[in-house]
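Next come the chains, spelled out residue by residue.
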Amino acid sequence: MQGELGVYMKAKNSLAANKKNGKIFFWTMMALPYLQFIIFYIVVNFNNVVLSFKFYDKNTGLTTFVWFDNFRAVIGDIDVLWLYFKNSIIFFLANLLVVIPLTLLFGYYIYRKFFFGGFFKVFLFLPSVICCMVLLIFYKNFMNGAIVEIADKYIGVQMDPILSSQVAKDGYTYMWIALLLFGIIMGYSGSILLYLNAMSQISVSIFEAAKIDGATPFAIMTQIIVPLAASTTSTVFVLTFIGYWNDFQIPMVYLPSHPVAAYGMYRIQTGAETQWS
């Protein structure tokens, strides 16, 4: 009897020790993600809320509490604020109407491994691999150099560099189009990754049944993939909107005279004016 009790107590203690070790392992593995969430989400967003009640002096680099003065400045300059919001919406809609259809098309082309699919996969993923500022510099030199030279040599049209201070001061039509094109190029990589993942979740038997019924590749894409990837489309919609709403770097560098929402808010808060080089 005592032997059985000893075996029972030993097994119970072993189970308790394993359970304790499991908890220690779990919290050890989860400590870093929780710490990152606290630092990079809770602390950062709390700091954003605090900064909305502060004024940043761009000359001294100092911040002072002004409480609700920032909100009064934004509400009081509603016409300028609407211009910033309108610019963000234009960028967003242009990207949405072009990127989502073409991303679906190229994503399906790559997924079905059609001719040159591997090339498109590598080429369209480049914006997510190469640093954004590197692409910006390359794109600026391409627009200011190659495009201008091609227009002059082969079309006979004399034009100023598209992404330049002079063009931005005289008229921003070409610059606006160039930036829309750059946003469209940058929007491909992440969207294609999402759509490829969504397409990989669709059962192969569905495609096989569609082929037996005589469905063309276009019919498969429009009648099978598009409906089943609706949740992915909504995700791309939200991410695209957030990306353009928070876009700060590109408008600040290339289109400061007609900024989008994030940089426009910064200009209202700091009183920053466009400095042309």
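Whatever comes next refers back to the structure up there.
A brief look at the structure comes next. It should be emphasised that the depicted structure is a prediction, and the values quoted were computed from it without experimental measurement.

## Thoughts on the packing of aromatic side chains
Move 1: One pass over the structure, following the stated rule, counts 7 aromatic pairs.
Move 2: When the ring of Phe26 is compared with that of Trp27, the centres are 5.1 Å apart and the planes differ by 80 degrees; the resulting orientation is edge-to-face.
Move 3: For Phe26, a relative accessible area of 40% translates into the label partly exposed.
Move 4: Taking the centre distance of 5.4 Å and the plane angle of 90 degrees together, the rings of Phe53 and Phe68 count as edge-to-face.

## With respect to the nonpolar core
Move 1: Counting 21 residues, the largest nonpolar core has Tyr195 and Ile225 as the members making the most contacts within it.
Move 2: Excluding residues that lie within four positions of it along the chain, Tyr195 makes contacts with Ile100, Thr103, Leu104, Ala229, Thr232, Thr233 and Val236.
Move 3: If you look at the next biggest cluster of nonpolar residues, it comprises 8 residues, including Leu124, Phe125, Ile184 and Tyr188.

## What about a nonpolar patch on the surface?
Move 1: Among the surface-exposed residues, Leu32, Leu35, Phe37, Ile38, Ile39, Phe40, Tyr41, Ile42, Val43 and Val44 lie close enough to one another that they form a single nonpolar patch of about 950 Å² accessible area.
Move 2: Mapped onto the elements, Ile39 comes out in helix 1 (residues 2-51).
Move 3: Of the residues examined, Ile39 reaches a relative accessible area of 38% and is grouped as partly exposed.

Calculation rules
- Residues numbered from 1 in each chain as written.
- Predicted model: local features only at pLDDT ≥ 70, side-chain atom pairs only at ≥ 80, totals over all residues.
- Heavy atoms only, no water.
- Phe/Tyr/Trp six-rings, centres within 6.5 Å; stacked < 30°, edge-to-face > 60°.
- Buried < 20%, exposed > 50% of the residue type's maximum accessible area, 1.4 Å probe, protein only.
- Core = buried A, V, L, I, M, F, W, Y, C linked by side-chain atoms within 4.5 Å.
- Contact = heavy atoms within 4.5 Å.
- Patch = residues over 30% accessible without salt bridge, like charges linked within 9 Å, V, L, I, M, F, W, Y side chains within 5 Å.
- Areas by Shrake-Rupley, 256 points an atom, 1.4 Å probe, with all protein chains shown as cover.
- Salt bridge = Lys/Arg side-chain N within 4 Å of Asp/Glu carboxyl O.
- Helix = DSSP H or I, 4+ residues; strand = E, 2+ residues; numbered from the N terminus.

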